Amino acid sequence: MIQEKRADLHLHTFYSDGTFSPAELVERAKALHLFAISVTDHDTMSGLPEALAAAGKDLEVIPGVELTAAFGDRELHLLGYFIRAEDPTFTSFLEEMHHYRRKRIKAMIDRLRVHGVKVSMEEVESIAGKGVLGRPHLAQALVEKKVVPSLDEAFGRYLGDRAPCFVKGAPLTVPDAVRLIRGAGGVAVLAHPHRLVEDGSIPQLIADGIQGIEVFHSDHNASVRRHYQEIAKRQGVLAAGGSDCHGLRKKNGPLIGSVTIPYEWVERLKAVASGKD
Ligand code: AMP
Ligand code: FE
Ligand code: FE
Ligand code: ZN
């Protein structure tokens, strides 16, 4: 029997808010007999060289990233695939984002203080380690300090998009993010739209330059997947997918390989990124 080639195109490492090293992700991907993966850390591509080195010839590693972009009063996530990691404009944008994320976490720490919660930048940074700072690191600090019993509650009470200590994470709009991704040779894909984007907004996002939709995702059940697959087909955009594995940080455990797409979808993404389609 020929095994079908499968890919998981949404994975985080400890370079953002995941807990696995790139090499650890690659080893797990190989053990699961995946054919291709993409490391899609928030606002960084630092994990790519280690993932490529660990993969060797046994596993295809697609350069990826997950950016945050403002859309109206919301924040959306955009995945970028096949980005030239050495692109100077893209690299300096990521550098700027790291500074911005630091300032933002500081601002959230200030808001927490106003709400009677004391946590220091050093505590958050020691949890983040090599990782570009994000809310999950701050949430974990709140759990470790016993301010809240769980990450979920940290988001619910303090850090979630509608919670009192939230500070916006996106200094750029969807068209800005699309320009950055496509300008660096990448293909721009709307991440996990379920419960974040109304269907009626999808044509606007496509007009803004989005070339695909993440149809398969851990937050998308079978009927949600069918729904977005239908939308992608109708709107003439690509379909993508992956597990959105954050290692051991999230309560469902390591998700790598639990949501996969057929390799043909990867080939279509590749063709569009290379301008052949
Ligand atoms: P940031 O990039 O700093 O805005 O943090 C966003 C990340 O926080 C997402 O990618 C998730 O990994 C995580 N996250 C967002 N909302 C929640 C939530 N309610 N519970 C747990 N993790 C969350
Ligand atoms: Fe995340
Ligand atoms: Fe996301
Ligand atoms: Zn993600």
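Summary of the structure given here. These figures come from a predicted structure and were not determined experimentally. (Residues numbered from 1 in each chain as written. Chains lettered and ligands numbered in written order. Predicted model: local features only at pLDDT ≥ 70, side-chain atom pairs only at ≥ 80, totals over all residues. Heavy atoms only, no water.)

### A short note on the coordination of the iron ion (ligand 2)
In this structure, Asp 17 (OD), His 42 (NE2) and His 246 (NE2) serve as the protein donors to the iron ion (ligand 2), at separations of 2.1 to 2.2 Å. Within one chain, the residues serving as donors to the iron ion (ligand 2) are arranged as D-x24-H-x203-H. (Donors = N, O, S within 2.8 Å, 3.2 Å for Na, K, Ca; no water.)

### Quick word on the sheet that holds strand 4 (residues 74-81)
With mixed pairing, 8 strands are arranged side by side in an open sheet as 7-6-5-4-3-2-1-8. Both outer strands of the open sheet, strand 7 (238-241) and strand 8 (261-262), are each paired with one neighbouring strand and no more. By the bridge criterion, 3 bridges tie strand 1 (residues 6-11) to strand 2 (residues 36-39) in an arrangement that is parallel. Counterpart to Ala 7 in the pairing with strand 2 is Ala 36. (Pairing = 2+ DSSP bridges. Helix = DSSP H or I, 4+ residues; strand = E, 2+ residues; numbered from the N terminus.)

### A short note on the coordination of the iron ion (ligand 3)
Around the iron ion (ligand 3), the protein supplies Glu 66 (OE), His 77 (ND1) and His 192 (NE2) as donor atoms, at distances of 2.0 to 2.3 Å. Along the chain, the residues that donate to the iron ion (ligand 3) are spaced as E-x10-H-x114-H. The distance between the iron ion (ligand 3) and the iron ion (ligand 2) comes to 5.5 Å. With a gap of 115 residues between them, His 77 in strand 4 and His 192 in the loop between strand 5 (187-190) and helix 8 (202-207) connect regions that are remote in the sequence. Judged by relative accessible area, His 192 falls into the buried class, the value being 10%. (Buried < 20%, exposed > 50% of the residue type's maximum accessible area, 1.4 Å probe, protein only.)

### A word on the site of ligand 1
Taken together, Asp 17, His 42, His 77, Arg 101, Arg 104, Gly 134, Arg 135, Pro 136, Asp 152, Phe 155, His 246 and Lys 250 make up the full set of residues near ligand 1. The backbone of Arg 135 places a nitrogen or oxygen atom 2.8 Å from an oxygen atom of ligand 1. At a separation of 3.0 Å, an oxygen atom of ligand 1 approaches a polar side-chain atom of His 246. Here ligand 1, which alone exposes 500 Å², has 79% of that area covered by the protein. For the shell around ligand 1, the elements supplying multiple residues, two or more each, are helix 3 (88-114), helix 5 (135-144) and helix 6 (151-159). Here the shell around ligand 1 is built from residues that sort into 2 nonpolar, 4 polar and 6 charged. (Near = heavy atom within 4 Å. Polar contact = N/O pair within 3.5 Å; in protein donor to acceptor, adjacent residues only side chain to side chain. Areas by Shrake-Rupley, 256 points an atom, 1.4 Å probe, with all protein chains shown as cover. Nonpolar A, V, L, I, M, F, W, Y, C, P; charged D, E, K, R; others polar.)

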